[in-house]
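# Secondary and tertiary structure notes
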Amino acid sequence: MALLDYFLRKKEKQVTTASKAKERLQIIVAHERNNRNKQPDYLPQLTEDILAVLRKYIHVSDESFSINLDNKDGDLNVLELNIELHDEQKAD
Amino acid sequence: MARIIVVTSGKGGVGKTTSSAAIGLGLALKGHKVVLIDFDIGLRNLDLIMGCERRVVYDFVNVINGEATLNQALIKDKRVSSLSILPASQTRDKDALNKENVGKVLEELGETYDYIICDSPAGIEAGAMMALYYADEAIVTTNPEVSSVRDSDRILGMLASRSRRAELGLEPIKEHLLLTRYSPKRVEEGEMLSVEDVEDILSIPLLGVIPESQAVLKASNAGEPVILDTESDAGKAYQDVIDRLLGETVEFRFLVAEKKGIFSRMFGG
Ligand SMILES: Nc1ncnc2c1ncn2[C@@H]1O[C@H](COP(=O)(O)OP(=O)(O)OP(=O)(O)O)[C@@H](O)[C@H]1O
Ligand SMILES: [Mg+2]
């Protein structure tokens, strides 16, 4: 029944393993991209608070301060603070 | 200004070294000055694929540590004089490379070469990071298979956030998709992701599609990059990649399965 086989095979094509693969990939990739781009809501407030504390002790200009939340490889998050200290502000 | 191009993938064994060798040699054959750098510290293989393994005296890490000059470590290709190879070290520890010392080497190479091709190690760790950090362009080498596509997407994330261009807020790295080990027949049978599927998911411009080819193994056996096998499908597909990298518009080939004619069927072609 070559002819019947032919039609059956045509129909099977709708749910091939490749289309399953594509569907799964689209979901996981969208999910992972979302995680990569997400900055938590608390970050702006946290930045303000840290700056306020720092400024109790030293002079920190906006340019010499940066804060960055980095998603290293999926599950590890690193909060990175960079504060540039100028000579006269070094703790003594 | 040299174009710094990283050949990267995340997943291992997808064809980065094969592609680096073919692309480096192909660009040099077009008259450009090219240097190929093996960033796979501890697992060097580019020398073997290029067929210059017996001429390695000094390596990348020797240069970094000041034990050799760049000129001492660079191996001139015997086939094309405008091509050089900087081999990876075989044994030393991976932490030898850092942004600062790699940057210095690339800067010095940039004075002489038009193209600096960086063959990245697999993974998304420090080694892969170093290979992509200074890139202007990235050739994201991907197999039509779920884990490879997913890892390529993670590499795209790193290119966009961890590279020098990202850190300095410069124009982003130019991304190219290179689909390798492609089997049109399996795609037609619904067993393999198609070019369009992978393009849909990664959404970066397609640079080339290299078919699964017996010519690749022959080429690596002989230490002759597959682009030199001008009669082979993979060789031709890499040649198209070169033309596209140089700005030409070239139609994609080897995307449909060869229909076996009655003769080849009769004679087992
Ligand atoms: N188009 C192709 N057709 C058939 N085989 C291929 C093709 N491309 C690569 N290969 C084979 O796949 C294997 C891995 O290739 P290669 O070493 O280039 O990958 P890689 O990404 O550099 O690996 P690694 O991550 O270990 O550095 C080799 O055996 C190579 O011959
Ligand atoms: Mg490799």
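Here's a quick rundown of the structure. Residues take numbers from 1 onward in each chain, read along the sequence in its written order. Chain letters and ligand numbers both follow the written order, the letters beginning at A and the numbers at 1. A pLDDT threshold of at least 70 governs which residues receive local features in this predicted model, and a stricter bar of 80 or more applies before side-chain atom pairs are shown or counted, although totals over entire chains, interfaces and linings include all residues. No hydrogens and no water enter the side-chain calculation; it runs on all heavy atoms of the structure.

This part covers the pattern of salt bridges. When a carboxyl oxygen of Asp or Glu lies within 4 Å of a side-chain nitrogen of Lys or Arg, that pair is called a salt bridge. For the coordinates displayed, the defined rule picks out 17 salt bridges over all chains. Asp151(B) is the partner of Arg154(B) in a salt bridge, and the nearest nitrogen-oxygen pair spans 4.0 Å. A residue pair is termed a helical-turn pair when its members lie 3 or 4 positions apart in one helix, as Arg154(B) and Asp151(B) do in helix α7 (residues 146–161) at three residues. Of the charged contacts, one joins Asp240(B) and Arg253(B) as a salt bridge, the two residues approaching to 3.0 Å between their closest N and O atoms. Of this pair, Asp240(B) sits in helix α12 (residues 233–245) while Arg253(B) sits in the loop between α12 and α13 (262–267); the two residues are 13 residues apart in sequence, bridging distant segments of the chain. The rule is simple: take the accessible area with a 1.4 Å probe, protein chains only, and divide by the maximum for that residue type; under 20% is buried, over 50% is exposed, in between is partly exposed. Residue class for Arg253(B) comes out partly exposed when judged on its relative accessible area of 36%. The network of salt bridges with shared partners includes Lys22(A), Asp197(B) and Asp200(B). By the criteria applied, helices consist of DSSP H or I runs no shorter than four residues and strands consist of E runs no shorter than two, each listed in order from the N terminus.

Looking now at the sheet that holds strand β7 (residues 174–182) of chain B. Note: strands within a sheet are paired through backbone hydrogen bonds, in either parallel or antiparallel orientation. Residue and element names in this part refer to chain B. Pairing in this open sheet of eight strands is mixed, and the strands run β3-β4-β2-β5-β1-β6-β7-β8 from one edge to the other. Of all strands in the sheet, those with a lone pairing partner are β3 (75–76) and β8 (206–211), marking the two edges. Here strand β2 (residues 34–38) pairs with strand β4 (residues 83–86) via four bridges, running parallel. Directly across from Val35, in β4, lies its bridge partner Ser84. Pairing between strands is defined by DSSP: at least two bridges between the two strands are required.

Quick look at the packing of helix α2 (residues 17–37) of chain A against helix α10 (residues 195–202) of chain B now. Axis lines are fitted to C-alpha atoms, over the contacting stretch for helices. Their N-to-C directions set the angle, which ranges from 0 to 180 degrees. Two elements in contact, α2(A) and α10(B), have axes whose closest approach is 10 Å; the angle formed by their N-to-C orientations is 15°. The angle between α2(A) and α10(B) falls in the class roughly parallel. Where α2(A) crosses over α10(B), the handedness of that crossing is right-handed. Of α10(B), the residues touching α2(A) (which contributes Lys22(A), Leu25(A), Gln26(A), Val29(A) and Arg33(A)) are Asp197(B), Asp200(B), Ile201(B) and Leu202(B). The class makeup of the residues in the contact of α2(A) with α10(B) is four nonpolar, one polar and four charged. We call two directions roughly parallel when the angle between them is under 35 degrees, roughly antiparallel when it is over 145, roughly perpendicular when it lies between 65 and 115, and oblique otherwise. Left-handed describes a crossing in which the near helix is turned anticlockwise from the far one by less than a right angle; the clockwise case is right-handed. Note on contacts: a residue pair qualifies if any of its non-hydrogen atoms lie within 4.5 Å across the two residues. Here the nonpolar group is Ala, Val, Leu, Ile, Met, Phe, Trp, Tyr, Cys and Pro; Asp, Glu, Lys and Arg are the charged ones; every other residue, Gly included, is treated as polar.

With that out of the way, let us pick up α12(B). Residue and element names in this part refer to chain B. Over its 13 residues, α12 extends 19 Å from the first C-alpha to the last, a length consistent with the 18 Å expected when each residue adds 1.5 Å. Of all 13 residues in α12, 10 are buried; the element is thus mostly enclosed. Contact partners of the buried residues in α12: β1 (3–8), α1 (16–29), β6 (137–142), β7, β8 and α11 (214–222). Remark: Gly247 follows α12 within two positions and exhibits a positive phi of approximately 95°. To estimate how far a helix should reach, multiply one less than its number of residues by 1.5 Å.

As a measure of interface size, the accessible area lost when the parts come together is often cited. Tallying the contact residues gives 16 residues for chain A and 19 residues for chain B. The buried area of a pairing is the accessible area, by a 1.4 Å probe, that goes missing from both parts when the two are put together, added over both. For the pair chain A and chain B, the two sides together bury roughly 1,600 Å², of which 51% comes from carbon and sulfur. Among the residues chain A hides against chain B, the three largest losses belong to Lys22(A), Leu25(A) and Arg36(A). Together they make up 32% of the total. Here chain A and chain B share five salt bridges between them. A salt bridge links Arg33(A) to Asp153(B), with the shortest nitrogen-to-oxygen separation between them at 2.6 Å.

The next point concerns α11(B). Polar contacts, as used here, are pairs of N or O atoms within 3.5 Å; protein pairs need one atom able to donate a hydrogen and one able to accept it. Residues neighboring in sequence count only if both atoms are side-chain atoms. Capping the start of α11(B), Ser213(B) holds a side-chain oxygen 3.0 Å from the backbone nitrogen of Ala215(B), two or three residues further along. Looking one or two residues past α11(B), Gly223(B) carries a phi angle of roughly 70°, positive in sign.

Our focus in this paragraph is the state of the cysteines. By convention in this document, the label disulfide applies to cysteine sulfur atom pairs within 2.5 Å. Scanning all chains against the criterion turns up zero disulfides over all chains. With no disulfide partner, Cys52(B) has as its closest neighbouring cysteine sulfur the one in Cys118(B), 16 Å distant.

Moving on, we get to a nonpolar patch on the surface. Together, Leu81(A), Ile83(A) and Leu85(A) make up an exposed nonpolar region whose accessible area comes to about 220 Å². Tracing the sequence through the fold places Ile83(A) in strand β2 (residues 77–83). Exposure above 30% relative accessible area and no salt bridge define the residues that can form patches, which grow by joining like charges within 9 Å and nonpolar side chains of Val, Leu, Ile, Met, Phe, Trp and Tyr within 5 Å. The method behind every accessible area is Shrake-Rupley, applied with a 1.4 Å probe, and residues are considered shielded solely by the protein chains displayed.

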